[in-house]
Amino acid sequence: MTKFTFPESIKSRPIYGTLEAREGSAHLLVADAHGAEALLEVATPEMMAKAHIMYIPKGEDFEAKLRALKPASFYSGPSYAAAEPRLLKTLEDARMGLQVYLAGTEGLMGQAMNAAMAAGIPYTAIQTEHRGSVARRMQCVHCKGITEDVETDPFVCSHCGLNLFVRDHYSRRLAAYQGVCIDAEDPGNVPEPKGIYE
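All values derive from a computational prediction rather than experimental measurement. (Residues numbered from 1 in each chain as written. Predicted model: local features only at pLDDT ≥ 70, side-chain atom pairs only at ≥ 80, totals over all residues. Heavy atoms only, no water.)

Caption draft 1: Layout of the overall build of the protein. Assigned secondary structure in the protein consists of 5 helices and 12 strands. In terms of overall size, the protein behaves like a compact globule, its C-alpha atoms giving a radius of gyration of 18 Å where 198 residues would be expected to give roughly 16 Å. For the protein, the spread of C-alpha atoms along the three principal axes comes to 60 × 30 × 30 Å. Looking at the protein residue by residue over its 198 residues, the buried ones come to 47%. If you take every contact in the protein between residues at least 6 apart in sequence, the share linking residues at least 24 apart comes to 61%. For the protein, the exposed area adds up to about 10300 Å²; of that, 53% sits on carbon and sulfur atoms. With 20 positive and 25 negative side-chain charges, the protein shows a separation of 7 Å between the mean positions of the two kinds. (Helix = DSSP H or I, 4+ residues; strand = E, 2+ residues; numbered from the N terminus. Rg over C-alpha atoms; globule rule 2.2 N^0.38 Å. Buried < 20%, exposed > 50% of the residue type's maximum accessible area, 1.4 Å probe, protein only. Contact = heavy atoms within 4.5 Å. Areas by Shrake-Rupley, 256 points an atom, 1.4 Å probe, with all protein chains shown as cover. Lys, Arg positive; Asp, Glu negative; His and termini not counted. Charge placed at Lys NZ, Arg CZ, Asp CG, Glu CD.)

Caption draft 2: Representation of the sheet that holds strand β3 (residues 73-76) within the structure. If you trace the 5 strands from one edge of the open sheet to the other, you get β3-β2-β1-β4-β5, paired in parallel fashion. Two strands lie at the open edges of the sheet, namely β3 and β5 (126-130), each paired on one side alone. Pairs of neighbouring strands in the sheet enclose a mean axial angle of 10 degrees, with direction left out of account. In this sheet, β5 lies alongside strand β4 (residues 98-104) in parallel orientation, the contact comprising 5 bridges. Across the sheet, Tyr101 pairs through a bridge with Gln127, a residue of β5. On the sheet, helix α1 (residues 35-42) packs against β1 (26-32), β2 (51-56), β4 and β5 and is oriented at approximately 150 degrees with respect to β1. (Pairing = 2+ DSSP bridges. Axes fitted to C-alpha atoms, helices over the stretch in contact; angles between N-to-C directions.)

Caption draft 3: Main features of helix α4 (residues 80-92). In this model α4 runs 17 Å from its N-terminal to its C-terminal C-alpha over 13 residues, within 8% of the 18 Å that 1.5 Å per residue would give. Roughly 25 degrees is the biggest bend found in α4, and it falls at Arg86. For α4, the complete set of buried residues consists of Tyr80, Ala83, Leu87 and Leu91. On its buried face, α4 sits against β1, β2, β3, β4 and α5 (106-118). (Expected span 1.5 Å × (residues − 1). Bend = angle between axes of the 7 residues up to and from the residue.)

Caption draft 4: Spatial organisation of the packing of aromatic side chains. A complete count under the given rule lists 5 aromatic pairs for this structure. Ring centres of Phe6 and Tyr16 lie 6.0 Å apart, and the angle between their planes is 55 degrees; on these two criteria the pair is classed as tilted. With a gap of 10 residues between them, Phe6 in the segment before β1 and Tyr16 in the segment before β1 connect regions that are remote in the sequence. When the ring of Tyr170 is compared with that of Tyr177, the centres are 4.9 Å apart and the planes differ by 65 degrees; the resulting orientation is edge-to-face. Considered together, Tyr170 and Tyr177 belong to a single accessibility category, that of buried residues. One aromatic cluster is present, built from ring pairs that chain together Phe4, Phe6, Tyr16 and Tyr197. A cation over a ring is seen here: Arg136 above Tyr177, with NZ or CZ 4.0 Å from the ring centre. (Phe/Tyr/Trp six-rings, centres within 6.5 Å; stacked < 30°, edge-to-face > 60°. Lys NZ or Arg CZ within 6 Å of the ring centre and 35° of its normal.)

Caption draft 5: Local environment of the nonpolar core. If you look at the biggest cluster of nonpolar residues, it comprises 22 residues, and the most contacted ones within it are Leu28, Leu87, Leu91, Leu102 and Ile121. Mapped by element, the contributors of at least two residues to this core are β1, β2, α4, β4 and α5. For this core, the leading source of residues is α5, giving 6 residues. Core analysis: the second largest hydrophobic core is formed by 18 residues, Leu29, Ala36, Ala38 and Tyr55 among them. (Core = buried A, V, L, I, M, F, W, Y, C linked by side-chain atoms within 4.5 Å.)

Caption draft 6: Structural detail: the domain arrangement of the protein. Per the domain assignment, the segments of the protein are domain 1 (26-130) and domain 2 (136-195). Using only C-alpha atoms to locate each centre, domain 1 and domain 2 end up separated by 28 Å. Contacts between the two partners involve 6 residues from domain 1 and, on the opposite side, 10 residues from domain 2. Contact between domain 1 and domain 2 buries roughly 550 Å² in total, counting both sides, with carbon and sulfur atoms accounting for 37%. Among the residues of domain 1 in contact with domain 2, Glu106, Gln111 and Asn114 are the three that bury the most area, contributing 64% of the side total. Taken together, the links from domain 1 to domain 2 amount to 1 salt bridge. Between Lys58 and Asp149 there is a salt bridge; the shortest N-O distance is 3.5 Å. (Domains from an automatic or database assignment. Buried area = accessible area lost by both parts, 1.4 Å probe. Salt bridge = Lys/Arg side-chain N within 4 Å of Asp/Glu carboxyl O.)

Here it is, written out as structure tokens:
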């Protein structure tokens, strides 16, 4: 899958790079869906000898290729929520020199980056590469509920039902973009939904 070039935006919006193999005492590679392609491109036999791969397929079929890399350990799970306890334990047990590679959707990378930084992993030891869906993880600023995989603007909050405008403002603390009621002053006056980057 080709990489998406994000349009210029406000300063809070994350900027993603390209994963590069680095020297490290261990390597933690976390990806979802097409993020596996980035892991396949960065992996080296030396890295895999001391690597832990965590993969969330989201309907994609890269598991056999990732396992063929022969990482020191491998986990595949149905969702970030299911993988999170294992991720937190891996980060808790990490020693100095761990390199972290995050690839795939913005929602996965944001949440995994928060977990790594909370565990004391330096920001400079964490790399990110966006691959696949451009859907956003959105927080409703009114009810504080999180809606995953938002692809259209406006969208309906999955918690309170308000029609929300998809803003570019990104909260690193929440690993989510912010959505604000689009028809607060004129209830029912909601534009036709379109793709976020249309």
